[in-house]
Amino acid sequence: MQTITQRLANPTQFMELSARVLPWLAGAAAAVIAYGLYLAFFVAPPDYQQGETARIMFVHVPSAWLSMAGYTVIAISAFGLLVFRHPLADVSAKAAAPIGAAFTFLALVTGSLWGRPTWGTYWVWDARLTSVLILFFLYLGLIALRSSIEDETLASKLTAVLALVGIVMLPIIKFSVEYGKTLHQKASVLRLGGPTMDPSLLHPLLVMALGFTLLFAALHVKAMRNEILRRRVKTLQMAEVERAQAGRLAAAE
Amino acid sequence: MKPFLTLVSRDLRLAVRQGGALGTALGFYMLVVTLLPLGLGADLNLLSRIAAGVLWIALLLSALLSLPRVFASDYEDGSLDILATGSLPLELVAAAKALAHWISTSIPLALLAPILGILLNLEIDAYPILVATMLVGTPAVSFIGAVGAALTLRAHRGGLLIALLVLPFYVPTLIFGIASISALLGPGDVLSPFLILTAISLAAVVLGPFAAAAALRMQMQ
């Protein structure tokens, strides 16, 4: 009996399975986000202190959450590549990096737009903002390292090492920037003793978080499919070149 | 132990006799610190307030300059392959090279810092702790840097890439280095950030060589 990860190790089976799953995943993401946006704009009441600007939370918080989830996906994939040599792990790590970076960027931009009316400034050197910014640089480092090494197998292994170094360093970086004081509000959804947020705001937020996670999954699967197809095209091209060379040699003889 | 020490002393001798590397790093350090008051204005009160931070950041940048050479010259002339097939595990080879980088680059930079502190009107009380944080914090700079150097060995634009990969990992060292200095000058506990700084350096010394050796091994197959 094969486990699901073993079965997915075969790219052909992955392509078949993902082709069937992807439309549902993308459709679910679109539907949940549409419902979440409806809740966020028309059902959720304006915040009693921040007014309408608090609605940016429904985009900001899921993005921030996915910026961390994205790095976790990369780190797990890196581990899968280096330890188990799972053939799809590298495809997954490569596909997740730009998506994670995009969500991190989105979290930074929406956060700074939210900061302007509430804190009176676009940017403060607060602990959380700084650690998300550094997370963004880690993503850029992963993408830059991969793109600057020509040998693809080598690039994927080295990027995996960097991703694992990053996952060790991330908590230390987070701890170090939190050593100072923070302006950002404390965690208010996932905490001991239940959420401090009012249910009328919490419910749309959770729907949006689910929708964004589905979106991330759909984009990730799509990017993985593209990467597999790109590699196949490359292999086919190489085979074509070899056949042409062999043909020319035969003609010369 | 003997091959390890031999490798360290070989690297140190190369650093001294080849020249250039150390001088360049020290010169760069002095120039960055000189340019800063020209850019920010020569207000001595302002300079005194930011001196420790400026000295630390300039030190990180100067140490970064010499990182690409940690493995590159040995990789190019093939000595790294000989070292890899020798009796010393690759982890210890990486550790020896990072240690040599620390002794030949980071320590001189740390010792130059108080002299540059005079230019920046750094408070006299802060000199011992400035040098102490730099001496204790720079092993992390060299050993994490060695990981970056190993990762970018075969990359294009290696030098610029190292900066992008490694600088985010220097954040904790920088923060706790500055925290102990500002705790001395203002309110707060000096010892606890200093101890955390030490812990980061020790962790980097232990873990860095493993990551660096893994990266090197992948590139030498």
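These numbers come from a predicted model, not from an experiment. (Residues numbered from 1 in each chain as written. Chains lettered and ligands numbered in written order. Predicted model: local features only at pLDDT ≥ 70, side-chain atom pairs only at ≥ 80, totals over all residues.)

### Section: the overall build of chain A
- A tally of helices and strands in chain A yields 7 helices and 0 strands.
- Secondary structure elements in chain A, listed N-terminal to C-terminal, are α-α-α-α-α-α-α.
- The burial tally for chain A puts 34% of its 253 residues in the buried class. (Helix = DSSP H or I, 4+ residues; strand = E, 2+ residues; numbered from the N terminus. Buried ≥ 20, exposed ≤ 12 C-beta atoms within 10 Å, placed from the backbone.)

### Observations regarding the overall build of chain B
- For chain B, the count of helices and strands is 10 helices and 0 strands.
- Beginning at the N terminus, the succession of helices and strands in chain B can be written as α-α-α-α-α-α-α-α-α-α.
- Radius of gyration (C-alpha) of chain B: 18 Å, near the 17 Å computed for a compact globule of 221 residues.
- Oriented by its inertia axes, the alpha-carbon framework of chain B measures out at about 55 × 35 × 30 Å.
- Here chain B holds 221 residues, and the buried ones make up 47% of them. (Rg over C-alpha atoms; globule rule 2.2 N^0.38 Å.)

### A closer look at the interface of chain A and chain B
- Each side of the interface is counted separately: chain A has 22 residues, and chain B has 23 residues.
- Those elements that place two or more of their residues in the side of chain A that touches chain B are helix H5 (127–147) and helix H6 (152–177) of chain A.
- The residue inventory of the side of chain A that touches chain B, partitioned by class, reads 18 nonpolar, 3 polar and 1 charged. (Contact = placed C-beta atoms within 7 Å. Nonpolar A, V, L, I, M, F, W, Y, C, P; charged D, E, K, R; others polar.)

### A closer look at helix H4 (residues 69–76) of chain B
All names here are of chain B.
- Along H4, the residues that are buried comprise Val70, Phe71 and Asp74. Taken around the axis of H4, the buried residues stretch over an arc of 70 degrees, which confines them to a single face.
- One or two residues past the end of H4 sits Gly78, with phi positive at roughly 90 degrees. (Arc of directions from axis to C-beta.)

### Thoughts on the packing of helix H3 (residues 57–84) of chain A against helix H7 (residues 199–252) of chain A
Residue and element names in this part refer to chain A.
- Relative orientation of the contacting elements H3 and H7 amounts to 45 degrees, with a least axis distance of 9 Å. On the basis of the axis angle, H3 is oblique to H7. When the axes of H3 and H7 are compared, the crossing they make is right-handed. Packed against H3, whose contacting residues are Met57, Phe58, Val61, Pro62, Ser63, Trp65, Leu66, Ala69 and Gly70, the element H7 presents Pro204, Leu205, Met208, Ala209, Phe212, Thr213 and Phe216 at the interface. (Axes fitted to C-alpha atoms, helices over the stretch in contact; angles between N-to-C directions. Parallel < 35°, antiparallel > 145°, perpendicular 65-115°, else oblique. Left-handed = near helix turned anticlockwise from the far one by under 90°.)

### Digging into the nonpolar core
- If you look at the biggest cluster of nonpolar residues, it comprises 136 residues, and the most contacted ones within it are Ile74(A), Leu55(B), Leu59(B), Ala94(B), Ala150(B) and Ala215(B).
- For this core, the element with the most residues is helix H6 (residues 90–119) of chain B, which contributes 14 residues.
- Beyond its immediate stretch of four places on either side in the chain, Ala215(B) contacts Leu158(A), Val161(A), Val147(B), Ala150(B) and Leu151(B). (Core = buried A, V, L, I, M, F, W, Y, C linked by C-beta atoms within 7 Å.)

### Some points on the environment of Gln219(B)
- Note that Gln219(B) resides in helix H10 (residues 191–220).
- The exposure class of Gln219(B) is partly exposed, given the 19 C-beta atoms found within 10 Å.
- Sequence separation of Gln219(B) and Ala98(B) is 121 residues, and the distance between their C-alpha atoms is 18 Å.
- In this structure, Gln219(B) is in contact with Leu154(A), Leu153(B) and Arg154(B), ignoring residues within four places of it in sequence.

### Examining unusual backbone geometry
- Phi angles above zero are rare outside glycine, and Arg85(A) is one such case at about 50 degrees.
- As for its placement among the helices and strands, Arg85(A) is situated in the loop between H3 and helix H4 (87–119).
- Of note in this structure, Asn121(B) is not a glycine but carries a positive phi near 60 degrees.
- Looking at where Asn121(B) falls in the secondary structure, it is placed in the loop between H6 and helix H7 (126–151).

### Describing the packing of H3(A) against H4(A)
Residue and element names in this part refer to chain A.
- Direction vectors running N to C along H3 and H4 enclose 160 degrees, while the axes themselves pass 7 Å from each other. Comparing the axis directions of H3 and H4 gives the class roughly antiparallel. Two packed elements cross with a definite hand, and for H3 against H4 that hand is left-handed.
- Each residue belonging to the contact of H3 with H4 can be placed in one class, and the counts come to 17 nonpolar, 11 polar and 1 charged.

### Regarding the confidence of the model for chain B
- The predicted model of chain B has a mean per-residue pLDDT of 88, with 99% of residues at 70 or higher.
- Of the two predicted TM-score estimates for the complex, the pTM is 0.87 and the ipTM is 0.87. (pLDDT = per-residue confidence, 0-100.)

### Considerations on the environment of Val221(A)
Residues and elements named next belong to chain A.
- Mapping Val221 onto the fold places it in helix H7.
- Owing to 20 C-beta atoms within 10 Å, Val221 belongs among the buried residues under this scheme.
- Remark: the alpha-carbon pair of Val221 and Ala26, spanning 195 residues in sequence, is separated by 9.8 Å.
- Once residues lying within four places of it in the same chain are set aside, the contact partners of Val221 are Ser18, Val21, Leu22 and Leu25.

### Some remarks on the confidence of the model for chain A
- When pLDDT is averaged along chain A, the result is 85; 90% of the residues meet or exceed 70.
- The secondary-structure element of chain A with the lowest mean pLDDT is helix H1 (residues 4–8) of chain A, recorded at 68, while H3(A) shows the highest, at 91.

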